[in-house]
Amino acid sequence: MPSLGADMEAGTLVEWKVAPGERVHRGDIVAVVETQKGAIEIEIFEDGVLRDLVVAPGSRVPVGALLARLDVAAGGPPPALSAAAPAAPPRAAAPAPVPPPPPPIAMPPASRHRVTPAARRRAAALGLPLEGLRGTGVEGAICLADLPQAPPRRSSGFDPVGMRKAIAAAMGRSKREIPHYYLSQTVDLTPGLERLARLNAGRAPPERLLPAAMMLHAAARAVAETPELNGFWENDAFRAAEGVHVGWAVALRGGGLVAPAIRDADRLSLDALMVAMRDLVARARGGGLRGSELTDATITVTSLGDRGAESVLPIIHPPQVTILGFGRIVERPWVVAGAVVPRRVATLTLAGDHRASDGHRGGLLLARIEALLQKPEEP
Amino acid sequence: MSTAPARITYREACREAIRAAILADPRVFLMGEDVGRYGGCYAVTKGLLEELGEARIRDTPLSESAFVGAGIGAAIAGLRPIVEVMTCNFSLLALDQILNNAATIPHMSGGQFAVPLVIRMATGAGRQLAAQHSHSLEGWFAHIPGLRILAPATIEDARHMLAAALADPNPVLIFEHIMLYNMEGELDPAVQGVDIASARIRRPGHDVTLVTYGGSLFKTLDAAEALAREGIESEVIDLRVLRPLDTATIMQSVARTRRVVIVDEGWRSGSLSAEVAMRIMEEAFFELDAPIRRVCSREVPIPYAAHLEQAALPQPGSIAEAARGLARPAP
């Protein structure tokens, strides 16, 4: 019994394909053996004459057991009886052993799944194993109805299902573990926006500076001055970060969001920051974020944009300890020098990890951001 | 011309198609057994001899080989003959002419001779005409390169396919199912012609595709109606053109429904239904979510006795049962 696989210990001889006395040649199929992998045809590796069949069909024998005897020496003439006794007809005294009727050919193993072509293709696309599925199709076949819907559409580098899970895990952990405190402050952006308008005059739309860049510019510099809010809560202690790497929250088309880091945002000029933000948004939505960008952020900023809400109470991204929110810029009546005048304002919010910092410190950060926005420096 | 839909029988639509073709083109004429004085064995040509005269409506001797051959010669010589073969069962007497001459001469002559011939035949069972008058042999002719095979099932196709067939420079065979001649329906006068290239979806549905043609179309539509009452929406494709097959329409439907039943009054073995099924395997295997099923005639010479004849043919019940087995497999 040949070994038909490293894990094979025994096999069942199903059928002899040759009769005793028959001449065989290297490569001929001489027997069929049933293994755990199905019925396998057994080849012979030598020329010769098969003398006797030791194992009867239906017998299960271990690997290495003798199945039959092959007379390799009987190379030349066919083993005919007639040469010795030309006149003697074959007699019952020397009966050519009649091979017993072969048992029915073994059926394919029962583990073979019936799967419709469409279902097999969808399962492959989903990466789903077919084992364990119950078929409800024709003749019990696994059909499309037995599989989940079409494979999740992979768009440009991120997996929405996986992303949702990651967001769920991070936000769930944040709300379970982090005692948030929230602060908010409405800031007059009119001077800064007027400056932006001056800077943007003459610039083509793709090069214009957006209000979000101005706010982020102020926030990054303010964070650099309040290191207690820039870092991580790890092992029941706060660890300050080495630099200000701002995670910039980017909403993805089709759902989900990602907050890749702009490294050393506090040291970038307004123009450089704008370039970095555009690049990050394009790569976040089109694919191509680097792994480090997804892990380096020391603080997160979320800006709701010009179609967003007026303010946000954000959730801290663990292990960070602070997140800042920029609301939509709105025109509101504002008191300036004792007079009510229309001004363009936005509400800045801060959520802080109360284990790492206190509201007073957070308030100082918001005040510093406001101050920087009120007195925009020329780059 | 009236723009209101006219009620008309399939037989009248066939007759009007012939009449209009003859009136429109002096090269067109009709010949066949009993088409003139008798008015056609299925009365399609009744009255045409009186109206159009003996030069255009010609009775022939009872020799299919002779008058089909004459039609081929007339076509090669520049006329546009319409040859009526009484039933497709008799067309075997002209098979040599159809295969070895009509389908072949354009190719063997290197395109020097076109054979713009149209042959009309009645096909199918259902009128207790027994085995020598009831078979559906269109699938055999659909085997032959060089022929275009049409199976008008609707009144519109009966009315308009002939003109398109006459415009084709190659031989075209039209199979008219005998059970359709009495069917009455509306003919939209706004439709002035049809193509002879495409299949049509006669009923849209998303659960299972029923592919059929000719006399089986309305049985299949009846089955689809019954299935719809059970909540199974079947899409019924009328092949219309049996050669060359419009496989694109079939494959698009299979991609939607993923289940197929082919209904063919021909015998199952080596049949057009086998060809359609194999095309699906070749072109849309991975769309399939169930085995392809077929409903064909029993493999017997069509019996004479009415109950046996009906039992031998595809019926709405057997079609619906096959579709149900795919759309709602038994647990």
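The rules behind the values
Residues numbered from 1 in each chain as written. Chains lettered and ligands numbered in written order. Predicted model: local features only at pLDDT ≥ 70, side-chain atom pairs only at ≥ 80, totals over all residues. Helix = DSSP H or I, 4+ residues; strand = E, 2+ residues; numbered from the N terminus. Buried ≥ 20, exposed ≤ 12 C-beta atoms within 10 Å, placed from the backbone. Contact = placed C-beta atoms within 7 Å. Pairing = 2+ DSSP bridges. pLDDT = per-residue confidence, 0-100. Expected span 1.5 Å × (residues − 1). Right-handed = clockwise from strand over helix to strand, strands pointing away. Core = buried A, V, L, I, M, F, W, Y, C linked by C-beta atoms within 7 Å. Axes fitted to C-alpha atoms, helices over the stretch in contact; angles between N-to-C directions. Parallel < 35°, antiparallel > 145°, perpendicular 65-115°, else oblique. Left-handed = near helix turned anticlockwise from the far one by under 90°. Nonpolar A, V, L, I, M, F, W, Y, C, P; charged D, E, K, R; others polar.

**A few points about the overall build of chain A**
No. 1: From N to C terminus, chain A includes 7 helices and 18 strands.
No. 2: Taken over 379 residues, chain A has a buried fraction of 28%.
No. 3: Taking as baseline every contact in chain A between residues at least 6 positions apart, the subset at least 24 positions apart corresponds to 60%.

**Quick look at the overall build of chain B**
No. 1: Helices and strands together make up the secondary structure of chain B, namely 12 helices and 14 strands.
No. 2: Residues counted as buried form 51% of the 331 residues belonging to chain B.
No. 3: Pairs at least 24 residues apart make up 79% of the contacts formed inside chain B by residues separated by at least 6 positions.

**Examining the sheet that holds strand 5 (residues 48–53) of chain A**
No. 1: If you trace the 3 strands from one edge of the open sheet to the other, you get 2-5-7 (chain A), paired in antiparallel fashion. One side of each edge strand has no neighbouring strand; the edge strands of this open sheet are strand 2 (23–24) and strand 7 (68–71) of chain A.

**Concerning unusual backbone geometry**
No. 1: Of note, the bond from A:P318 into A:P319 is cis; its omega dihedral lies within 30 degrees of zero at 5 degrees.
No. 2: By secondary structure assignment, the location of A:P319 is in the loop between strand 15 (299–303) and strand 16 (322–326).
No. 3: The step from B:R243 to B:P244 runs through a cis peptide bond, and the omega angle for that step is -5 degrees.
No. 4: Along the chain, the position of B:P244 falls in the loop between strand 12 (241–243) and helix 9 (247–257).
No. 5: Phi is positive for A:D236, close to 60 degrees, though the residue is something other than glycine.
No. 6: Here A:D236 lies in the loop between strand 9 (231–234) and strand 10 (237–240).
No. 7: Phi at B:Q128 is positive, roughly 55 degrees, even though this residue is not glycine.

**As for the confidence of the model for chain A**
Residue and element names in this part refer to chain A.
No. 1: Scored by pLDDT, chain A comes out at a mean of 82, with 83% of its residues at no less than 70.
No. 2: Every residue in residues 77–90 is under pLDDT 50, and counting partners more than four places away or in other chains gives 9 contacts.
No. 3: Scored below 50 in pLDDT, residues 151–156 shows 10 contacts in the model against residues more than four places distant or in partner chains.

**Let's talk about helix 3 (residues 64–76) of chain B**
No. 1: With 13 residues, helix 3 of chain B should reach 18 Å at 1.5 Å per residue; the first-to-last C-alpha distance of 18 Å fits that figure.
No. 2: Backbone geometry just after helix 3 of chain B places B:G78 at a positive phi near 115 degrees.

**Here we look at the environment of A:R253**
Residue and element names in this part refer to chain A.
No. 1: Counting through the fold element by element, R253 comes out in the loop between strand 12 (250–251) and strand 13 (257–258).
No. 2: For R253, a count of 8 C-beta atoms within 10 Å corresponds to the exposed category.
No. 3: As for R253 and R285, which are separated by 32 residues in sequence, their C-alpha atoms are 7.1 Å apart.

**Description of helix 8 (residues 216–229) of chain B**
Residues and elements named next belong to chain B.
No. 1: Given a rise of 1.5 Å per residue, 14 residues ought to cover 20 Å, and the 20 Å separating the end C-alpha atoms of helix 8 matches this to within 8%.
No. 2: Listed in full, the buried residues belonging to helix 8 are S216, L217, F218, K219, T220, L221, A223, A224 and L227.
No. 3: In this structure, the buried side of helix 8 is in contact with strand 9 (200–203), strand 10 (208–212), strand 11 (234–238), strand 13 (260–267) and helix 12 (316–327).

**Examining the environment of A:G256**
No. 1: Take A:G256: it is sitting in the loop between strand 12 and strand 13.
No. 2: Taking the C-alpha atoms as reference, A:G256 lies 6.3 Å from A:R164; in sequence the two are 92 residues apart.

**As for the pairing of strand 14 (residues 293–297) of chain B**
Residue and element names in this part refer to chain B.
No. 1: Most of strand 14 is tucked away, with 4 of its 5 residues classed as buried.
No. 2: Taken together, the 5 bridges between strand 13 and strand 14 define a ladder with parallel strand orientation. The residue of strand 14 that forms the bridge with V261 is R293.
No. 3: Note on the crossover from strand 13 through helix 10 (residues 272–284) to strand 14: the handedness is right-handed.

**So, the nonpolar core**
No. 1: Formed by 106 residues in total, the largest nonpolar core has its most connected members in B:L150, B:L173, B:L210, B:V261 and B:A323.
No. 2: With 7 residues, the single largest contributor to this core is helix 1 (residues 10–24) of chain B.
No. 3: Apart from the residues lying within four places of it in its own chain, the contact partners of B:L210 are B:T220, B:A224, B:S234, B:E235, B:V236, B:I237, B:V261, B:V263, B:I319 and B:A323.
No. 4: A:A261, A:L304, A:I329 and A:L348 belong to the second largest nonpolar core, which has 53 residues in total.

**Description of the packing of helix 4 (residues 211–224) of chain A against helix 7 (residues 359–374) of chain A**
Residue and element names in this part refer to chain A.
No. 1: Where helix 4 meets helix 7, the closest approach of the two axes is 9 Å, and the angle between their N-to-C directions is 130 degrees. In terms of orientation, helix 4 and helix 7 fall into the oblique class. Classified by chirality, the crossing of helix 7 by helix 4 is right-handed. Here M215, A218, A219, R221, A222 and V223 of helix 4 come into contact with helix 7, specifically with L365, R368, I369, L372 and L373.
No. 2: Classifying every residue of the contact of helix 4 with helix 7 gives 9 nonpolar, no polar and 2 charged.

**Brief notes about the sheet that holds strand 13 of chain B**
Residues and elements named next belong to chain B.
No. 1: The strand order across the open sheet formed by 5 strands is 9-11-10-13-14, and the pairing between neighbours is mixed. Each edge of the sheet is formed by a strand with only one pairing partner; in this case those strands are strand 9 and strand 14. Averaged over all pairs of adjacent strands, the angle between their axes in this sheet comes to 25 degrees, without regard to strand direction.
No. 2: Running at roughly 155 degrees to strand 13, helix 10 makes contact with strand 10, strand 13 and strand 14 of the sheet.

**Some remarks on the packing of helix 8 of chain B against helix 12 of chain B**
Residues and elements named next belong to chain B.
No. 1: At a minimum axis separation of 8 Å, helix 8 and helix 12 run at an interaxial angle of 55 degrees. Comparing the axis directions of helix 8 and helix 12 gives the class oblique. Considering only the axes of helix 8 and helix 12, their crossing is right-handed. Every residue of helix 12 that contacts helix 8 at K219, T220, D222, A223, A226 and L227 is listed here: P316, I319, A320, A323 and R324.

**Quick word on the environment of B:M281**
No. 1: Position of B:M281 among the secondary structure elements: in helix 10.
No. 2: Expressed as a C-alpha distance, the spacing of B:M281 and B:M251, which sit 30 residues apart in the sequence, is 9.9 Å.

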